[in-house]
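Here are the chains, one letter per residue:
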Amino acid sequence: MAASKPVEAAVVAAAAPSSASGVGGGGTAGPGTGAAAMAAGSGGRGTLLLGAGAIYLWSRQQRNSLDRAQAAKNKGNKYFKAGKYEQAIQCYTEAISLCPTEKNVDLSTFYQNRAAAFEQLQKWKEVAQDCTKAVELNPKYVKALFRRAKAHEKLDNKKECLEDVTAVCILEGFQNQQSMLLADKVLKLLGKEKAKEKYKNREPLMPSPQFIKSYFSSFTDDIISQPMLKGEKSDEDKDKEGEALEVKENSGYLKAKQYMEEENYDKIISECSKEIDAEGKYMAEALLLRATFYLLIGSANAAKPDLDKVISLKEANVKLRANALIKRGSMYMQQQQPLLSTQDFNMAADIDPQNADVYHHRGQLKILLDQVEEAVADFDECIRLRPESALAQAQKCFALYRQAYTGNNSSQIQAAMKGFEEVIKKFPRCAEGYALYAQALTDQQQFGKADEMYDKCIDLEPDNATTYVHKGLLQLQWKQDLDRGLELISKAIEIDNKCDFAYETMGTIEVQRGNMEKAIDMFNKAINLAKSEMEMAHLYSLCDAAHAQTEVAKKYGLKPPTL
């Protein structure tokens, strides 16, 4: 094995003539001349012997240096345990200066120990610097990586913190709760920051017709989504089928309603604005319809003033005001303001206690807040007011199932599953009933039956992209059939290229397959389609996690397990 550089230097120095050699004039030979003579007289054997001695002396010196460094470190550890961090730092600094430079592992430990002492003094910059030295010497040093991650968090270096904690999570096999929590915390902070900026400057985007129709179908007491009345159409067009209707009055609102029936949604906001600017007789309806479409395109800031105005119009139809409260309450929930949301729903129930929509949508809010008993009570009231409400009955079953599943109550789970069977039997045309039942069946690992329920959903609503995504995920969980799962999710995107859920799911699968670039592309597409700032923040978190894994792979060659 080739000698290291210091050993080579020692051998060369031993074999060379000394500058103290005596030269001529009858002087006695110095030690250098004697060594040279010895070497000449023994055919070079003396050089080798002297070289071996130098190696021995050098090795002993190195061991002594390391021993002294370890002693300094041990002394530092005692100071550290006693809470004397400044003295500990001095000892660790001494250990670093004494440690032979080729002792990477030992040297990295000394830097990491000094970083720990700096951490106690909250000197975060010094912590990060020492941990960087430790990681340079020992790239997979988990303790140093995690300590640097915490320092970066304190220094508000979120990107660097995320990369370090991602490396730690991979090295620990995603088993350490502490590092997982830090990763989650930083991802959420990054997501919120980026979403706030992006959402503020985003281009409004009209969702797919299927999404819009599905949204309006969740309301039964909503005046603005009802078909146009006969008196609102011109006589000559009442019996014409397949032709655009002519409205009887020169009203922007009625024109907007006509566009709704034609699914010409892009023109609705501008027509409502005409009615509002003219202060026409349908001004309250126009404000509510415009606000609704502002919400649909993700412009909550534009929707709120319109909703506020409708709610404050005491002379307006109470159903308009209640509907505005429901929509503002839902908006507050999306903005993670549950108290304001609850206030609006309660006010809607006060002013229009016979409105089934109030209880239906408040029940959904209660599920999100994990107030299942209150959710069930609201769904019951909705069903009492409107017994034919298949959606409320299906969602009540799901709420009961969630409660039983969380409480691990097998008899209640069975009762909830029986309830689903009764709902789909009573309302065989309700796609949502089959979809919610399928989710419960998947939880219970009844995959074959869940697949059948999704097929029934698709038969009823072939243009509902979300169902294809759920069915695709089922194939992965049930049969580990990646190709079939991706095929179904790709079908969802083909049906609705504005389905953010499909892009998000595709991105998540690509992360698990180790295809980070494709995953990032999918997440970015979903981000551009997100309907709320909260959804966008979640998607940015997923995207940043994929970015961090890409950087960690480049720096440290670390990759998490893949499908």
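Residues numbered from 1 in each chain as written. Predicted model: local features only at pLDDT ≥ 70, side-chain atom pairs only at ≥ 80, totals over all residues. Heavy atoms only, no water.

By the naming in an unreviewed UniProt entry, the chain is Mitochondrial import receptor subunit TOM70, taken from Macaca fascicularis. If you open the UniProt record of the chain and go to Subcellular location (unreviewed entry), you find "Mitochondrion outer membrane". (UniProt positions renumbered as here; feature names shortened; annotations may be inferred.)

Caption draft 1: Main features of the UniProt feature "repeat: TPR" (unreviewed entry) in the chain. Residues given the UniProt feature "repeat: TPR" (unreviewed entry) here are residues 69–102, 322–355, 356–389, 431–464 and 500–533. Here residues 431–464 is 79% helix and 0% strand, with 10 Å between the C-alpha atoms at its ends. Summarising residues 500–533: 85% helix, 0% strand, and an end-to-end C-alpha distance of 13 Å. (Helix = DSSP H or I, 4+ residues; strand = E, 2+ residues; numbered from the N terminus.)

Caption draft 2: Examining the environment of Leu-558 more closely. Within the element layout of this structure, Leu-558 appears in the segment after α27 (533–556). In sequence terms Leu-558 and Ala-167 are 391 residues apart; their C-alpha atoms lie 7.1 Å from each other. Leaving out residues up to four positions away in the same chain, Leu-558 has contacts with Lys-140, Ala-167, Ile-170, Leu-171, Gln-549, Val-552 and Ala-553. (Contact = heavy atoms within 4.5 Å.)

Caption draft 3: Expanded view of the packing of aromatic side chains. Tallied over the entire structure, the rule returns 9 aromatic pairs. With centroids separated by 5.5 Å and ring planes inclined at 65°, the aromatic side chains of Tyr-215 and Phe-219 adopt a geometry described as edge-to-face. Relative accessible area serves as the criterion here: at 22%, Tyr-215 is assigned to the partly exposed category. Using a relative accessible area of 6% as the deciding quantity, one classes Phe-219 as buried. Of the aromatic side chains, those joined through ring pairs into one cluster are Tyr-215, Phe-216, Phe-219, Tyr-265 and Phe-293. Over the ring of Trp-478 we find Lys-479, and its NZ or CZ is 4.3 Å from the ring centre. (Phe/Tyr/Trp six-rings, centres within 6.5 Å; stacked < 30°, edge-to-face > 60°. Buried < 20%, exposed > 50% of the residue type's maximum accessible area, 1.4 Å probe, protein only. Lys NZ or Arg CZ within 6 Å of the ring centre and 35° of its normal.)

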